[in-house]
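Report on the structure
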Amino acid sequence: MSDEIKDKFDKMTMKEKLAYGTCIAAFVLGWGLTIAGFIVPPMGIISDSVLWILGQALLYCGAVIGISSHYGSEVRNFEEKITDYMKKTEKDKTNQTQ
């Protein structure tokens, strides 16, 4: 499992690594500030701004992960269509020559 993850990470572009890295940083920062909001006085009361930051961090993570997943699946579908078309074209050419 670890080798699979390492291979996927090695195949990522710098843009993808940066996007996922900032997503992880925003997620950790958002939750870290939320937990800190419980600890600092007044105990148990979280400021609206902390909740806003958490919401923005989660929204950013969802956008980064969602967009990359969507376009990744679109590219795979496009590649499959092209491959199927090429196979069909080759098959048609072979049938015509016979």
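A short tour of the structure in this document, coming up.

**Let's talk about the overall build of the protein chain**
- Looking only at helices and strands, the protein chain features 3 helices and 0 strands.
- Ordered by position in the sequence, the α and β elements of the protein chain form the string α-α-α.
- The principal-axis extent of the C-alpha atoms belonging to the protein chain is close to 85 × 30 × 20 Å.
- Looking at the protein chain as a whole, 11% of its 98 residues qualify as buried.
- Across the protein chain, contacts joining residues at least 24 apart in sequence account for 60% of those joining residues at least 6 apart.
- Accessible area of the protein chain: about 8300 Å², with a carbon and sulfur share of 67%.

**Some thoughts on the packing of aromatic side chains**
- Counted by the stated rule, this structure contains 1 aromatic pair.
- With 6.5 Å between their ring centres and 65 degrees between their planes, Phe-27 and Trp-31 make a pair best called edge-to-face. With Phe-27 and Trp-31 both in helix H2 (residues 14–39) and 4 residues apart, this pair spans about one turn of that helix.

**Digging into a nonpolar patch on the surface**
- Residues Ile-24, Phe-27, Val-28, Trp-31 and Leu-58 make up a contiguous nonpolar surface patch of about 470 Å² in total accessible area.
- With 4 residues, the single largest contributor to the nonpolar patch is H2.
- For Ile-24, the location among the structural elements is in helix H2.

**Some remarks on the environment of Lys-87**
- The residue Lys-87 is located in helix H3 (residues 48–97) in this model.
- Judged by its relative accessible area of 57%, Lys-87 is exposed.
- Along the primary structure Lys-87 and Met-12 are separated by 75 residues, whereas in three dimensions their C-alpha atoms are 29 Å apart.

**Here's the deal with the side chain of Thr-34**
- Structurally, Thr-34 is set in helix H2.
- The contact partners of Thr-34, leaving out residues within four places of it in the chain, are Ile-46, Val-50 and Leu-54.

**Things to note about the environment of Glu-79**
- Within the secondary structure layout, Glu-79 lies in helix H3.
- With relative accessibility at 47%, the residue Glu-79 sits in the partly exposed group.
- Measuring from C-alpha to C-alpha, the distance between Glu-79 and Gly-32 comes to 41 Å, with 47 residues separating the pair along the chain.

Cut-offs applied
Residues numbered from 1 in each chain as written. Predicted model: local features only at pLDDT ≥ 70, side-chain atom pairs only at ≥ 80, totals over all residues. Heavy atoms only, no water. Helix = DSSP H or I, 4+ residues; strand = E, 2+ residues; numbered from the N terminus. Buried < 20%, exposed > 50% of the residue type's maximum accessible area, 1.4 Å probe, protein only. Contact = heavy atoms within 4.5 Å. Areas by Shrake-Rupley, 256 points an atom, 1.4 Å probe, with all protein chains shown as cover. Phe/Tyr/Trp six-rings, centres within 6.5 Å; stacked < 30°, edge-to-face > 60°. Patch = residues over 30% accessible without salt bridge, like charges linked within 9 Å, V, L, I, M, F, W, Y side chains within 5 Å. Salt bridge = Lys/Arg side-chain N within 4 Å of Asp/Glu carboxyl O.

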